[in-house]
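Listed below are the residues making up each chain.
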Amino acid sequence: MLTSQIKEHLINITGAENFVDSQVERLVYSYDATPDYQSMPDAVVSPRSSEEVAKILALCNEYKIPVIPRGSGTNLCAGTCPVKGGIVILFNHMNQILEIDEENLTVTCQPGVITLDLIREVEKKGLFYPPDPSSMKISTIGGNLNENSGGLRGLKYGVTRDYVLGLEVTLPNGEIVRTGGKLAKDVAGYDLTRLFIGSEGTLGIITEATLKLIPIPKTKKTMLVHYQDLEDAARSVSKIIANKVIPATLEFLDQPTLKVVEDYSRIGLPTDVKCVLLIEQDGEGHSVEKDMIKIEEICKSENAYSIQIAQTENEAEALRTARRNALSALARMKPTTILEDATVPRSEIAKMVMAINEIANKHQINICTFGHAGDGNLHPTCPTDVRDKDEMQRVENAFDEIFDKAIELGGTITGEHGVGIVKAPYLEWKLGESGVNVMKSIKDALDPNHIMNPGKMFAKDTRKRVVVSR
Ligand SMILES: Cc1cc2nc3c(=O)[nH]c(=O)nc-3n(C[C@H](O)[C@H](O)[C@H](O)COP(=O)(O)OP(=O)(O)OC[C@H]3O[C@@H](n4cnc5c(N)ncnc54)[C@H](O)[C@@H]3O)c2cc1C
């Protein structure tokens, strides 16, 4: 609980209209998109400027009050759950696009800007901001930066990190630092910009970002390739890339996911095939045409069952939207949806998908898999019910085995959803003890009082890695 003195200080900084601490309002910010995690904050504040953020942090640092920065709360790792209480900071007033610089090809914005709004604004000027998480209609740039989010266009264009040129960050002690800038080249000192990207609100608060833009591609073509065998689809993915064709999008949906997504979106997706690949290419008209012909040839040579080419932009958009809605569609099946993002080198996709199916059968749970095949980033998703304790234990055991398998195949525990609370017990599996120790040293240096998003990233207990006899 906050003392009345601290409450008064906070109200002095933000104004009474931007401070709330009623039971109802705190309840709203006690959870995020991650199932089964909930904890009450002590108060919620909405600062209007970097200076107000700095004053809030300095105050919280002095009194050792936890601070939880929060965009739209769509993260899937319990990253904004206030496990230790404290102050939730919202960026709903810091949601301006400050400048689109057409000479330097940059956009500078505040953290609360909605991702799709930014994409649409720059597109009006013929420019392109590629990172497009499926949640982009509601996610914020601040959230994207702190999770280093990816999207459907990640294979060809990279993820959020690849578009960040400079940041303004407010440190836990209230100091404001600027990293990078509108520069194509800059090697002055450590790369502090990258340090804060993906730091999940554990090192400071991003109060402004300068992002790189590129010219918008002139044409785009979309196809849906149907397969009766997972391995054929997986081989197509590897072969397309081995043939030096990098599609803008290369997404995978298995049959259970297709059935649920079709039921949700009703756009005529095939439900009688084992899986599909959604493939898009963009660029100059002639090179898109050439790539699509090559991709079609490769898919046919790998036993594609049939190939459907979108005839209009509306048809293409319907396919993209269906893929983006996969999680929402799956979430209708059962009261709880556990979505993971085990990631492997793309050459190991087939092995990983088959291992996921075997593990699901072994533990008698239902897992649907979709994801960014071109990035090796899969989303095995389990519709379940947290009230069924026996099933939840089996789900947990199954995901332990899935992460173990991903690492065995040279992969990682999370490709884009972040560590938060959910993956913290597994972090050491990926980084090793010394890797985690380096991170702890950085945390101690920047946030010695551990006020920034406590309980995230660093687990109290590391999960024992299961060694499964296969
Ligand atoms: C339906 C659905 C689809 C999704 N699809 C994708 C996808 O395709 N790709 C993908 O990568 N993710 C996806 N996600 C996950 C999620 O949307 C992303 O992680 C997104 O970037 C989170 O944005 P947000 O604004 O909701 O941030 P939040 O969830 O509010 O916060 C995320 C993290 O950032 C921190 N944070 C937020 N703002 C700041 C700030 N200004 N300074 C410091 N720290 C801050 C928070 O403390 C937290 O740790 C999906 C989620 C859902 C529910």
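Coordinates for the structure precede this section.
Described in the following lines is the structure provided in the data block. All figures in this text were calculated on a predicted structure; none of them were measured in a lab. (Residues numbered from 1 in each chain as written. Predicted model: local features only at pLDDT ≥ 70, side-chain atom pairs only at ≥ 80, totals over all residues. Heavy atoms only, no water.)

**Points about the nonpolar core**
Rules: Put simply, buried Ala, Val, Leu, Ile, Met, Phe, Trp, Tyr and Cys residues joined by side-chain atoms within 4.5 Å make one nonpolar core. Accessibility here uses a 1.4 Å probe with only protein chains present; expressed as a share of the type maximum, an area under 20% marks a residue as buried, one over 50% as exposed, and anything in between as partly exposed. Here a helix means four or more residues in a row that DSSP labels H or I, a strand means two or more in a row labelled E, and each is numbered from the N terminus. Contacts are assigned to residue pairs with any non-hydrogen atoms lying within 4.5 Å of each other.
Of all hydrophobic cores here, the largest spans 55 residues; its most connected members are L277, I279 and M352. Sorting elements by how many residues they give to this core places helix α14 (residues 389-408) first, with eight residues. Apart from residues lying up to four places away in sequence, L277 is in contact with M223, L224, V225, Y227, A233, S236, V237, L250, E251, F252 and A373. The next biggest cluster of nonpolar side chains, apart from the first, holds 28 residues, and it includes I100, V107, Y157 and L167.

**Description of helix α1 (residues 4-14)**
Because an α-helix packs 3.6 residues into every turn, residues spaced three or four apart end up facing the same way. Operational definition: Arc definition: it is the arc formed by the directions from the helix axis to the C-beta atoms.
All of the buried residues along α1 are I6, L10, I13 and T14. Down the axis of α1, the sector holding all buried residues measures 80°, keeping them to one side. Counted as exposed and oriented over 90 degrees from the buried face of α1: S4, E8 and N12. Residues of α1 that are buried make contact with β1 (19-20), β2 (43-45), α3 (50-63) and β4 (87-90).

**Concerning the pairing of strand β5 (residues 97-101)**
The criterion, for reference: DSSP bridges decide pairing: two strands pair if at least two such bridges lie between them.
Two strands pair when backbone bridges link them, and β5 and strand β6 (residues 106-109) are joined in this way by four bridges, in the antiparallel orientation. Bridged to D101 within β6 is T106. Counting the residues in the hairpin turn of β5 and β6 gives four residues, including L105, whose phi is positive at 55°.

**Some thoughts on the site of the ligand**
So the rule is basically this: Near residues are defined by distance, with any heavy atom within 4 Å of the molecule or strand qualifying the residue. Pairs of N or O atoms are called polar contacts if they sit within 3.5 Å, as long as, within protein, a hydrogen donor faces a hydrogen acceptor (for residues adjacent in sequence, only side-chain-to-side-chain pairs). Residue burial considers only the protein chains on display, and all accessible areas are found by Shrake-Rupley using a 1.4 Å probe. Amino acid classes used here: Ala, Val, Leu, Ile, Met, Phe, Trp, Tyr, Cys and Pro are nonpolar; Asp, Glu, Lys and Arg are charged; the rest, including Gly, are polar.
Lining the immediate environment of the ligand, one finds 33 residues, of which P69, T74, S135, T140 and S149 sit closest. The separation between an oxygen atom of the ligand and a polar main-chain atom of G71 is 2.7 Å. About the coverage of the ligand: the protein hides 95% of its 990 Å² of free accessible area. Among the elements of the structure, β3 (67-70), α5 (141-147) and β10 (205-212) are those that each provide at least two residues to the shell around the ligand. In terms of residues, the shell around the ligand owes the most to one element, α5, which gives five residues. Its residues placed into classes, the shell around the ligand shows eight nonpolar, 21 polar and four charged.

**A look at the sheet that holds strand β9 (residues 176-180)**
The cut-off we apply is this: In this description, a line fitted to the C-alpha atoms serves as the axis of each element, helices being fitted only across the stretch in contact, and the angle between N-to-C directions of two axes falls anywhere from 0 to 180 degrees.
Across the sheet, five strands lie side by side as β5-β6-β10-β8-β9; this open sheet has antiparallel pairing. The open sheet terminates on both sides in strands that have one partner only, identified here as β5 and β9. Adjacent strand axes in the sheet meet at a mean angle of 10°, parallel and antiparallel pairs treated alike. By the bridge criterion, six bridges tie strand β8 (residues 164-170) to β10 in an arrangement that is antiparallel. Pairing of E168 across the sheet is with E208, part of β10. Sitting on the sheet, α3 touches β8, β9 and β10, and the angle it makes with β8 is about 50°. Lying over the sheet, helix α4 (residues 115-123) contacts β5, β6 and β10, oriented at roughly 35° with respect to β5.

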